[in-house]
Amino acid sequence: MKLHWPFIFIFCCLPCLLQSQQTTPTFQTGHYSKVNELLFHPNNQHLISCADDGKIVVWDIHLGLQRTEVLAHKNGLKAIGFLNDSVLISLGTHNDLKMWSLPNLSPINQLIIKSDSIQAFAVIDSHRLCVVGRNVHFYDLLNNRLTSTNHQSKGLFNSVDYLKSTNEVVVTGPKDNYTVTINIIEPLQFHHYFVGNIHKAIYSDDLLLMATTKGALIYYNDAKAKKHIFTLNDDLNYVTDMA
């Protein structure tokens, strides 16, 4: 999860995640700055984290221990995502994309996106990404080509996710008073959800989840459905989906 902590300690609660008799939680020092993302690998064996310190860390869920780490981006790291089960993509603060083999984090390739400040990305397929900054763009990894859309933020979009079943991406930004879903085949087909203070929006199966900076979690079953709100006693810097 994109958690806003002054000093970050990865907390692995083994009794909850594993079939273990251990009665006390295990604390592992992984990052020394704000964690930006946590991803559960589809094999259910690894958890991958990234932070402002520029490091990517692979955690062994079953052991509750750090498996490997790499200083991926010296100037800071914004986001990570799975290109497939064996390749991880990371986004640095200088619009640099890097690819890493999993689980050992060996470097594969590096690309530079020539655009405005890219804040986040979502993997569409094996060679295409949706990247967001001031605008929504589609990026071809094979040809290093960027295609821009007319969707523009009042500030910067900082969140994007992709739902394969509907061919839609969902995009939001802290200065916008809405979240927008865009059809990637027909970009002119889009829908606005006018909800303020949204920091993160993701898909979870067929649900659209939105985390607010006011401590609420909002979800929609579909574009025409009534929104549902859970009020939490915390600011939500990140929300993730776990199958």
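Preceding block: the structure.
Quick summary incoming for the structure in this document. (Residues numbered from 1 in each chain as written. Predicted model: local features only at pLDDT ≥ 70, side-chain atom pairs only at ≥ 80, totals over all residues. Heavy atoms only, no water.)

**Details of unusual backbone geometry**
Phase 1 of the analysis: Cis geometry is found at the peptide bond from Leu102 to Pro103, where omega equals 5 degrees.
Phase 2 of the analysis: Phi is positive for Asn44, which is not a glycine, with a value near 60 degrees.
Phase 3 of the analysis: Along the chain, the position of Asn44 falls in the loop between strand 3 (35–40) and strand 4 (46–51).
Phase 4 of the analysis: The exposure class of Asn44 is exposed, given its relative accessible area of 55%.
Phase 5 of the analysis: Despite not being glycine, Asn95 shows a phi value in the positive range, around 60 degrees. (Helix = DSSP H or I, 4+ residues; strand = E, 2+ residues; numbered from the N terminus. Buried < 20%, exposed > 50% of the residue type's maximum accessible area, 1.4 Å probe, protein only.)

**Considering the sheet that holds strand 6 (residues 65–71)**
Phase 1 of the analysis: Strand order in this open sheet of 4 strands is 3-4-5-6, and the pairing throughout is antiparallel. In the strand order of this sheet, the two ends are held by strand 3 and strand 6, each with one partner. Within the sheet, the average angular offset between the axes of one strand and its neighbour, ignoring direction, is 20 degrees.
Phase 2 of the analysis: Where strand 5 (residues 55–60) meets strand 6, 6 bridges bridge the pair, whose relative direction is antiparallel. Bridge pairing links Val58 to Thr68 in strand 6. (Pairing = 2+ DSSP bridges. Axes fitted to C-alpha atoms, helices over the stretch in contact; angles between N-to-C directions.)

**Digging into the environment of Leu47**
Phase 1 of the analysis: For Leu47, the location among the structural elements is in strand 4.
Phase 2 of the analysis: Classification of Leu47 as buried rests on a relative accessible area of 11%.
Phase 3 of the analysis: Each C-alpha atom of the pair Leu47 and Pro103 lies 9.9 Å from the other, and the pair is 56 residues apart in sequence.
Phase 4 of the analysis: Excluding anything up to four places from it in sequence, Leu47 contacts Leu38, Leu39, Phe40, Val57, Val58, Trp59 and Ile61. (Contact = heavy atoms within 4.5 Å.)

**Looking at the sheet that holds strand 8 (residues 87–92)**
Phase 1 of the analysis: With antiparallel pairing, 4 strands are arranged side by side in an open sheet as 7-8-9-10. The strands lining the two open edges of the sheet, one partner per strand, are strand 7 (77–84) and strand 10 (106–112). Here the strands of the sheet are splayed against their neighbours by 20 degrees on average, with no regard to which way each runs.
Phase 2 of the analysis: Pairing geometry for strand 9 (residues 96–101) and strand 10, over 6 bridges, is antiparallel. Residue pairing in the sheet places Trp100 in a bridge with Pro107 of strand 10.

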